[in-house]
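# Residue-level structural notes
Spelled out from the first residue to the last, the chains are:
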Amino acid sequence: MENSGISATELFDQIAEEVYQKGVCLLRHGLPEALGTALAAEVRSLPEERFSRAGIGRQADHQTVEAIRRDEICWIDKSTAAGHSWLEWADGLKQALNRRLFLGLFSFESHYAHYRAGDYYKVHLDAFRGQQNRVLTVVTYLNPDWNDKDGGELLIYPEKGSKPLLKVQPEFGTVVIFLSEEFPHEVLPTMTDRYSIAGWYRINSSDSNRVDPES
Ligand code: OGA
Ligand code: MN
């Protein structure tokens, strides 16, 4: 999808339309340049201790997790200018998605991810039917001048075991959005430092006994 010279609202509406039609949307220059530049600088300036080894969302020992994914993550909040702008951007997109798809998206959580040379994330789903309320995944990339030989592509499958539907280079500004329960995906081993943001829109599944999400 191309997006030269259109407003943020028009872009969000186009994304919403494509997610509605196909369940997945890939944008080569989806992230506003200044926002991407701020995020790319921030992720590289964060002290190492802000990052921690990522989990896989269910009980699993350390070795099992390491066999599945090897990236390190840092959750994003509004306490920095870059984090604030990113969350505002994500909120604008949420509004367009809710207008077009009636998804009732409620909250958004996202983290930076740093993959070092050799790191990967094997085929997985971001949500399991009926278990979680992650509805839509957003991934964006913060790597200027990514090379073919650097590996680290995101592969998105229509279903497990089939040929990839999309092969995405983690190039600066690229944005990928897909239904979290529908598309298995994986990150191929990267040859060099690879920075991304992964985020999830959730629905509010509160009932009288429970507030979910709690924050
Ligand atoms: C994830 C994920 C993809 C990427 O964090 O769940 O699938 O390309 N990330 O970083
Ligand atoms: Mn994922």
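Scope of this entry: the structure provided in the associated data block. (Residues numbered from 1 in each chain as written. Chains lettered and ligands numbered in written order. Predicted model: local features only at pLDDT ≥ 70, side-chain atom pairs only at ≥ 80, totals over all residues. Heavy atoms only, no water.)

## A short note on the environment of Ile-177
Secondary-structure assignment places Ile-177 in strand β9 (residues 175-179). Look at Ile-177 and you get buried, because its relative accessible area is 0%. A C-alpha to C-alpha distance of 9.6 Å links Ile-177 and Glu-18, two positions 159 residues apart in sequence. Here Ile-177 is in contact with Ile-15, Val-19, Gly-23, Val-24, Cys-25, Leu-93, Leu-136, Thr-137 and Val-138, once residues within four sequence places are set aside. (Helix = DSSP H or I, 4+ residues; strand = E, 2+ residues; numbered from the N terminus. Buried < 20%, exposed > 50% of the residue type's maximum accessible area, 1.4 Å probe, protein only. Contact = heavy atoms within 4.5 Å.)

## Let's talk about the nonpolar core
Core analysis: the biggest nonpolar cluster contains 37 residues, and Ile-15, Leu-39, Trp-86, Leu-97, Tyr-112 and Leu-142 have the highest contact counts within it. Looking at this core, the elements that each hand over two or more residues are α1 (8-22), β1 (24-27), α2 (33-45), α4 (81-101), β4 (105-115), β6 (134-141), β9 and β11 (194-203). At nine residues, α4 tops the list of elements feeding residues into this core. Residues contacting Tyr-112, with those up to four places away along its chain left out, are Leu-39, Glu-42, Val-43, Leu-46, Phe-51, Glu-72, Ile-73, Cys-74, Ile-76, Leu-142, Ser-196 and Ile-197. (Core = buried A, V, L, I, M, F, W, Y, C linked by side-chain atoms within 4.5 Å.)

## Some points on the site of ligand 1
The environment of ligand 1 is made up of 14 residues, and the closest members are Asp-126, Tyr-141, His-185, Arg-194 and Ser-196. A distance of 2.8 Å separates an oxygen atom of ligand 1 from a polar atom in the side chain of Arg-194. Protein chains bury 98% of the 290 Å² of accessible surface belonging to ligand 1 in isolation. Taken together, the elements giving at least two residues each to the shell around ligand 1 come down to β5 (121-124), β6, β10 (185-187) and β11. Class assignment for the residues of the shell around ligand 1 results in eight nonpolar, three polar and three charged. (Near = heavy atom within 4 Å. Polar contact = N/O pair within 3.5 Å; in protein donor to acceptor, adjacent residues only side chain to side chain. Areas by Shrake-Rupley, 256 points an atom, 1.4 Å probe, with all protein chains shown as cover. Nonpolar A, V, L, I, M, F, W, Y, C, P; charged D, E, K, R; others polar.)

## Overview of the sheet that holds strand β2 (residues 52-53)
Taken together, the seven strands give an open sheet; going across it, the order is β1-β9-β6-β11-β4-β3-β2, and neighbouring strands pair in antiparallel fashion. At either end of the open sheet lies a strand with only one pairing partner, and these are β1 and β2. With four bridges connecting them, strand β3 (residues 72-75) and β4 associate as antiparallel partners. When the sheet's bridge partners are listed, Glu-72 is paired in β4 with His-114. Here α1 sits on the sheet and contacts β1, β6 and β9; the angle it forms with β1, its principal contact strand, is near 140°. Contacts between α4 and the sheet are confined to β4, β6, β9 and β11, with β4 contributing the most and set at about 135° to the helix. (Pairing = 2+ DSSP bridges. Axes fitted to C-alpha atoms, helices over the stretch in contact; angles between N-to-C directions.)

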